[in-house]
Amino acid sequence: MDDYVSESDSDYTSYWRDWFISSRGNEYFCEIDEDYLTDRFNLTGLNTEVQYYQYALDLVTDVFDLDCDDEMRETIEKSARHLYGLVHARYIVTTRGLAKMLEKYKKADFGKCPRVMCHSHPLLPMGLADIPSQKPVKLYCARCEDIYNPKSSRHAAIDGAYFGTSFHNIIFQVYPALIPTKSAERYVPRCYGFKVHAAAALVRWQNNQRDDMRRRLRKMEVESGFKDGEDDIEGDDDDEEDEEDEEIGELEAAQVAGFIEGAGAAGVGTIAG
């Protein structure tokens, strides 16, 4: 902030967005196009959300020329950062914004999934609320479909509303080729090579639930997203069919046995009569 105070207004405001994007802790943000920032339609409703809105907008768009003291300047700077974050949440769901975030995603600028079974799959920033100052930013993994906290405390302090609750889903709707293959690979707890009973029972139940879901989806010809283990599911289907045939055969055998037993009893009664 010393540099900020010492520089003239023209030196500082001419590069505000470049300065903001290059500042440590702001690596998750992409640069918003000037045309987007100067279109008042894109800023609808933000004037009630940001203190000193017009001054903050002037600072972000590099036309700030107010002569004020350091305290006032710091307040306007804080408002400018907040305004940029709110506009950023709107910008990244546009065509240009998605393309910029896609490039950062491909380079894993947002980090990689800490889950071992995801094999360092890149993450996406997301918010748990669209209202500012509610929840900090989280990181979403499309492979395991879970969310994680950022490693850096600087990133963990970013407001989740600056990315919104929809961006991480919209990007996969626009770029479906990015959707990763879901994996059924899981860690199985063991003691001296033997599965832990309670954990193993839970895993079996979860696997059965997942396999049932995949069978239903396949019967409806819906792509489940799981690629590994399909042969096992098909084999399970064959086993189920064999079991059904066996059950039908046992039922028929039981019915025949009952019929014979009934007929025998009737014959005995006739003879006895």
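Treat the numbers as computed from the prediction; the structure is a model and nothing was measured.

A. Summary view of the overall build of the chain. The number of helices and strands found in the chain is 11 helices and five strands. Relative to its full complement of 273 residues, the chain shows a buried share of 35%. Only carbon and sulfur atoms are counted for the fraction: they give 52% of the accessible area of the chain, which is about 16800 Å².

B. Local environment of the sheet that holds strand β1 (residues 123-126). The strand order across the open sheet formed by three strands is β1-β2-β3, and the pairing between neighbours is antiparallel. Edge positions in the open sheet fall to β1 and β3 (146-148), since each of these has one partner strand only. Neighbour-to-neighbour, the strand axes of this sheet turn through a mean angle of 40°, independent of strand direction. Where strand β2 (residues 138-141) lies against β3, three bridges are found, and the strand directions are antiparallel. Bridge pairing in β3 links Tyr140 to Ile147. Where helix α9 (residues 167-174) meets the sheet, its contacts fall on β1 and β2, and the angle it forms with β1 comes to roughly 130°.

C. Geometry of the layout of surface pockets. In this structure, the largest pocket spans a volume of roughly 450 Å³. Together, 20 residues line the largest pocket, and Phe20, Asn26, Arg81, His82 and Tyr162 are the ones closest to its centre. Elements represented by at least two residues in the lining of the largest pocket include exactly α3 (16-22) and α6 (70-91). Taken together, the residues of the lining of the largest pocket break down into seven nonpolar, seven polar and six charged.

D. Spatial organisation of the side chain of His168. With respect to the secondary-structure elements, His168 resides in helix α9. There is a polar contact of 3.5 Å between the side chain of His168 and the side chain of Asn169. If near-sequence neighbours (up to four positions away) are discounted, His168 is found in contact with Leu124, Pro125, Met126 and Tyr140.

E. Broad picture of the pattern of salt bridges. Taken as a whole and judged by the stated rule, the model has nine salt bridges. The partner of Lys100 in a salt bridge is Asp33, and the shortest N-O contact between them spans 2.8 Å. Note that Lys100 is positioned in helix α7 (residues 95-106) and Asp33 in the loop between α3 and α4 (34-38), a separation of 67 residues in sequence. The residue Asp212 makes a salt bridge to Arg215 at a minimum N-O spacing of 2.8 Å. In this pair, Asp212 and Arg215 both sit in helix α10 (residues 197-219), three residues apart, roughly one turn of the helix. Ionic contacts of the salt-bridge type, sharing partners, join the residues Arg17, Glu34 and Asp62 into one network.

F. Seen up close, helix α5 (residues 53-60). Judged by how many residues are buried, α5 sits mostly within the fold: six of eight residues are covered. Turning to α5, its buried residues are Tyr53, Ala56, Leu57, Asp58, Leu59 and Val60.

Rules behind the numbers
- Residues numbered from 1 in each chain as written.
- Predicted model: local features only at pLDDT ≥ 70, side-chain atom pairs only at ≥ 80, totals over all residues.
- Heavy atoms only, no water.
- Helix = DSSP H or I, 4+ residues; strand = E, 2+ residues; numbered from the N terminus.
- Buried < 20%, exposed > 50% of the residue type's maximum accessible area, 1.4 Å probe, protein only.
- Areas by Shrake-Rupley, 256 points an atom, 1.4 Å probe, with all protein chains shown as cover.
- Pairing = 2+ DSSP bridges.
- Axes fitted to C-alpha atoms, helices over the stretch in contact; angles between N-to-C directions.
- Contact = heavy atoms within 4.5 Å.
- 1 Å grid on protein atoms, 1.4 Å probe; cavity = no way out; pocket = protein on both sides within 12 Å on 5 of 7 lines; lining within 4 Å.
- Points joined across faces, edges and corners; volume = space filled by probe spheres on them.
- Nonpolar A, V, L, I, M, F, W, Y, C, P; charged D, E, K, R; others polar.
- Polar contact = N/O pair within 3.5 Å; in protein donor to acceptor, adjacent residues only side chain to side chain.
- Salt bridge = Lys/Arg side-chain N within 4 Å of Asp/Glu carboxyl O.

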